[in-house]
Amino acid sequence: MSTTFPDAHIESYADKLQLLDRLVRNKNYILGTKPVRKRIRQQHTVCVPNDSEDEVSYPVVIMINSASIEGAGKFSDLVETHFRYLNPVTRSFDFSGSNSEVFEAVLTSMDRISVSLADRVSRMECWTGLKDEFFDNTFNSMSKLIIYPCKLSDLSANFDFLASEVDFLKLLHTLEDRKGKLYYRNAYQSWGFNAYSFTLDELLYIAYRILLEPFLKCANHRRSQHTKKLLMNRLASFLFYIRDSYHPENPFHNFRHAVDVLQATNYFLKRIATPDSQSAHKFPLQFTFCERLALLLAALGHDMGHPAVTNKILSESHSTIASLFQDDSVLENFHQFEFRNVCSALLHVNGELAVSEEVWETMESLIKSSILATDMAKHDEYLHHMEKFDPRGILKEERMENIRFLASLVIKSADISNVCRPLQTSVKWALSLVQEFAEVGKFEQVVVNGSSDRTIEKLPFDISQIDPDSAIEKVPGLSASEMFFINRFASNFFLRIGKVVPPLLFLHRELTQNTGFWVADEEKKAVIEKSV
């Protein structure tokens, strides 16, 4: 046994389906189980919400008996692709022979991996490909995922297998049964949506409910040879994959942010599609079902695999991923490249596209341009283009150009709309950004400046439970930080958005109301400082 793992937990499974069931129900995954007493001497296992948002800071070694498991190599690839958050190290060999060298190599790898995954800065190094060659070869760093992408046929086949063998819908319905569809529908249909009031399990379910209707309509399940339930289960499988591609300990760029942006995008699209209360006219430019699905998907995946560092650091550290994209929108290009491949696999059911080639080309183009629009370094370019935007173009070429730009405006609005959420919610996002910027600073000190101090200090309170007054008291620089962002990026942008896309005018009103709180705090501090 490895000296680093004297208490290593070992489990064995008779076949790959048993292993899959275990991985799906891992405590850091979804809906863990616990025994509870019901009357005397009776034990029942019930599903409980998973509120764990810890990263797995150790390797999970999976040894597959190639003599008894058919397709062991492909199954190994499936595990490493779909459960990458577990830091899987898979080895496939014949258990009946002498494999002392294999075991020794695995134990050596476990020792080395465990030490380097123990602290968060090291994990961030592994994700960005800035650790060393061993980790680049062992794990899926950003650059490795671009240089050696998972083949579409393999990824699609993985979804085919998982959707047919694992009942993801049963897991989701457990949540549905606990609180009911109406509870979640009321939450995600409101601008008061507070993503911090839900577990990751619940956020996954909310994403599923938002995407289900446009996905089924786009896939045209009534004419499809595939059953509605199979398509529903495939969508659920896809959502599990996307959730686990986000790093849960990222303070801001995590799955919670992804679903928050998805909910905001869905909310905006519904407002755009609703006739004006006074004129009874709709906004002149409308999305088709498949264009709407593409934009909703882009919202969910726009930060997929985000390593919680900045483009600036990736360039200054001369990372491989920065050179691959020539230091241009590095993170955004990584997200769109990875995510488009996964979306294509979602829509390739049993090797065949669920939509026409023409529709998929439009969707893929829309996903790419929408995700690239979230690069804040290009923010002013979109502001400038807004002056020339005319949503009334009727020619096919004009319409597609306008649809792409409108989609970019919608996702940009959603991406930074946390400053427009009700103040009780907005302040939580502000605090999460403060924490992430602090971690980015520590990472920069280590990677760029050569510091040996890898200690990251966390905010000494639960962000999800804090109120605005307590927040500005505990984090004195919070108001200044928010006002910088509002003045530099948000205020003028949302003012112009309201003029160009009137259904989104409410965002500037919400922002103005929140700004009053931050300004009042800044003025109060200025008075106190002046009197001292």
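Bear in mind the structure is a predicted one, so any value in this text is a computation, not a measurement. (Residues numbered from 1 in each chain as written. Predicted model: local features only at pLDDT ≥ 70, side-chain atom pairs only at ≥ 80, totals over all residues. Heavy atoms only, no water.)

1. Quick notes on the overall build of the protein
For the record, the criterion: Under the scheme used here, helices are H or I runs from DSSP no shorter than 4 residues and strands are E runs no shorter than 2 residues, and both carry numbers assigned from the N terminus. As a reference, a globule follows 2.2 Å times the number of residues to the power 0.38, and the radius of gyration itself is taken over C-alpha atoms. Burial here depends on accessible area, computed with a 1.4 Å probe over protein chains only, as a share of the maximum for the residue type. Under 20% is buried, over 50% is exposed, and the range in between is partly exposed. Contacts between residues were defined by any pair of non-hydrogen atoms, one from each residue, lying within 4.5 Å. Calculation of accessible area relied on Shrake-Rupley with a 1.4 Å probe; when residues are assessed, cover is drawn exclusively from the protein chains displayed.
A count of helices and strands for the protein gives 23 helices and six strands. Relative to a compact globule of 532 residues, whose C-alpha radius of gyration would be 24 Å, the protein shows 24 Å and is just as compact. For the C-alpha atoms alone, the extent of the protein along its principal axes is close to 75 × 70 × 60 Å. Taking all 532 residues of the protein together, 53% fall into the buried category. In the protein, the proportion of contacts linking residues at least 24 apart, taken out of those at least 6 apart, comes to 77%. A total of about 24600 Å² of accessible surface is found on the protein, and carbon and sulfur atoms cover 50% of it.

2. Overview of helix 10 (residues 200–219)
Put simply, the rule is: Take the residue count of a helix, subtract one, and multiply by 1.5 Å to get its expected span. The reported bend at a residue is simply the angle between two axes, fitted to the 7 residues ending at it and to the 7 residues beginning with it.
The terminal C-alpha atoms of helix 10, which comprises 20 residues, lie 27 Å apart, in line with the 28 Å expected from a rise of 1.5 Å per residue. Taking the largest bend as the criterion, helix 10 deviates by roughly 40 degrees, centred on Leu-211, and proline Pro-214 comes between one and four positions later. Most of helix 10 is tucked away, with 17 of its 20 residues classed as buried. After helix 10 finishes, the residue Asn-220 shows a positive phi value of roughly 55 degrees.

3. Here's the deal with the nonpolar core
What counts is decided by this rule: We define the nonpolar core as a collection of buried residues of types Ala, Val, Leu, Ile, Met, Phe, Trp, Tyr and Cys that are connected through side-chain atoms lying within 4.5 Å of one another.
Grouped together as the largest cluster of nonpolar side chains are 139 residues, with contacts concentrated most on Phe-238, Phe-268 and Leu-300. Sorting elements by how many residues they give to this core places helix 10 first, with 14 residues. Grouped together as the second largest cluster of nonpolar side chains are 20 residues, Leu-130, Ile-313, Ala-322 and Phe-334 included.

4. With respect to the environment of Asp-111
Within the element layout of this structure, Asp-111 appears in helix 3 (residues 100–117). Measuring from C-alpha to C-alpha, the distance between Asp-111 and Val-427 comes to 41 Å, with 316 residues separating the pair along the chain.

5. Quick notes on the packing of aromatic side chains
Worth spelling out the cut-off: Ring geometry is summarised as follows: Phe, Tyr and Trp rings, the Trp one being its six-membered ring, pair when their centres sit within 6.5 Å, and such pairs are stacked at plane angles under 30 degrees, edge-to-face over 60 and tilted between the two.
By the definition in use, this model includes 22 aromatic pairs. With a centroid separation of 6.4 Å and 55 degrees between ring planes, the pair formed by Phe-159 and Phe-238 is classed as tilted. Residue Phe-159 is located in helix 7 (residues 152–165), and its partner Phe-238 is located in helix 11 (residues 228–245); the two are separated by 79 residues in the primary sequence. Of the two residues examined, Phe-159 and Phe-238, each falls in the buried class. Arranged with centres 5.4 Å apart and planes meeting at 90 degrees, the rings of Trp-191 and Phe-506 form a pair that is edge-to-face. You can see Trp-191 sitting in the loop between helix 9 (181–188) and helix 10 and its partner Phe-506 sitting in helix 23 (residues 506–531), a full 315 residues away along the chain. Classification of Trp-191 by relative accessible area gives buried; the value is 7%.

6. Notes on the environment of His-247
Its place among the elements puts His-247 in the loop between helix 11 and helix 12 (255–273). Separated by 77 residues in the primary sequence, His-247 and Leu-324 have C-alpha atoms spaced 22 Å apart. What His-247 contacts, discounting residues up to four positions off in sequence, is Glu-55, Trp-127, His-253, Asn-254, Gly-305, His-306 and Pro-307.

7. As for the packing of helix 20 (residues 423–447) against helix 23
Rules: In this description, a line fitted to the C-alpha atoms serves as the axis of each element, helices being fitted only across the stretch in contact, and the angle between N-to-C directions of two axes falls anywhere from 0 to 180 degrees. Crossings are classed by handedness, with left-handed meaning an anticlockwise turn of the near helix from the far one by less than a right angle and right-handed meaning a clockwise turn. Three classes are used, and their members are as follows: Ala, Val, Leu, Ile, Met, Phe, Trp, Tyr, Cys and Pro are nonpolar, Asp, Glu, Lys and Arg are charged, and the others, Gly among them, are polar.
Contact geometry of helix 20 with helix 23 gives a least axis separation of 11 Å together with a crossing angle of 60 degrees. Where helix 20 crosses over helix 23, the handedness of that crossing is right-handed. Contacts between helix 20 and helix 23 involve Leu-423, Ser-426 and Val-427 from the first element and Asn-514, Phe-517 and Trp-518 from the second. Here the contact of helix 20 with helix 23 is composed, by residue class, of four nonpolar, two polar and no charged.

8. A closer look at the packing of helix 18 (residues 379–386) against helix 22 (residues 478–500)
Cut-off, in case you're wondering: What sets the label is the angle itself: under 35 degrees gives roughly parallel, over 145 gives roughly antiparallel, 65 to 115 gives roughly perpendicular, and the rest give oblique.
Put simply, helix 18 and helix 22 touch, their axes get as near as 11 Å, and they point 25 degrees apart. In this view, helix 18 runs roughly parallel relative to helix 22, as classed from their interaxial angle. For the element pair helix 18 and helix 22, the recorded crossing hand is left-handed. Contacts between helix 18 and helix 22 involve His-379, Asp-380, Leu-383, His-384 and Met-386 from the former and Arg-488, Phe-489, Asn-492, Phe-493, Arg-496, Ile-497 and Val-500 from the latter. Its residues assigned to classes, the contact of helix 18 with helix 22 comprises six nonpolar, three polar and three charged.

9. A word on the pairing of strand 3 (residues 60–65)
Along any regular strand the residues' side chains alternate between the sheet's two faces. Put simply, the rule is: The pairing criterion is simple: DSSP has to find at least two bridges between the two strands. Looking down the strands as they point away from you, a crossover is right-handed if its path from the first strand over the helix to the second goes clockwise.
As judged from the six bridges shared by strand 3 and strand 4 (residues 88–93), these two strands associate in the parallel manner. Bridge assignment links Val-61 to a residue of strand 4, and that residue is Val-89. A crossover links strand 3 with its parallel partner strand 4, the connecting element being helix 2 (residues 72–82), and its sense is right-handed.

10. Some thoughts on the pattern of salt bridges
Side chains that differ in charge, positive against negative, can pair when their charged atoms come close. For clarity, the cut-off: Think of a salt bridge as a Lys or Arg side-chain nitrogen and an Asp or Glu carboxyl oxygen that are within 4 Å of each other.
Tallied over the entire structure, the rule returns 28 salt bridges. Linking Glu-53 and Arg-256 is a salt bridge whose minimum nitrogen-to-oxygen distance equals 3.0 Å. Note that Glu-53 is positioned in the loop between strand 2 (43–47) and strand 3 and Arg-256 in helix 12, a separation of 203 residues in sequence. According to the relative accessible area criterion, Glu-53 is partly exposed, its value standing at 24%. When its relative accessible area of 6% is taken as the criterion, Arg-256 is described as buried. One salt-bridge network, held together by shared partners, links Glu-55, Arg-120, Arg-123, Glu-249, Glu-439 and Lys-458.

11. Here we look at the environment of Thr-425
Summarising the element assignment, Thr-425 is placed in helix 20. Taking relative accessible area as the criterion, Thr-425 reaches 4% and is therefore assigned buried. Aside from chain neighbours lying at most four places away, what touches Thr-425 is Gly-192, Phe-193 and Asn-194.

12. A short note on a nonpolar patch on the surface
Rules: Patch rule: a residue counts if its relative accessible area is over 30% and it has no salt bridge; like charges are joined within 9 Å, and nonpolar side chains (Val, Leu, Ile, Met, Phe, Trp, Tyr) within 5 Å.
A cluster of nonpolar side chains, contributed by Ile-147, Tyr-148 and Leu-324, occupies part of the molecular surface with about 320 Å² of accessible area. Inspection of the secondary structure puts Tyr-148 in the loop between helix 6 (142–147) and helix 7.

13. A word on unusual backbone geometry
Phi is positive for Ser-329, which is not a glycine, with a value near 45 degrees. In this fold, Ser-329 is placed in the loop between helix 15 (320–324) and helix 16 (330–347). Phi at Asn-350 takes a positive value of approximately 50 degrees, unusual for a residue other than glycine. Within the element layout of this structure, Asn-350 appears in the loop between strand 5 (348–349) and strand 6 (352–353).

14. Looking at the confidence of the model for the protein
Threshold: pLDDT measures how confident the predictor is about each residue, on a scale from 0 to 100.
Confidence along the protein averages 89 in pLDDT terms, with 91% of residues attaining 70 or more. The weakest mean pLDDT in the protein belongs to strand 2 at 46; the strongest belongs to helix 16 at 98. Counting contacts from residues 38–46, a segment whose pLDDT is below 50, to residues more than four positions away or on other chains yields 15 contacts.

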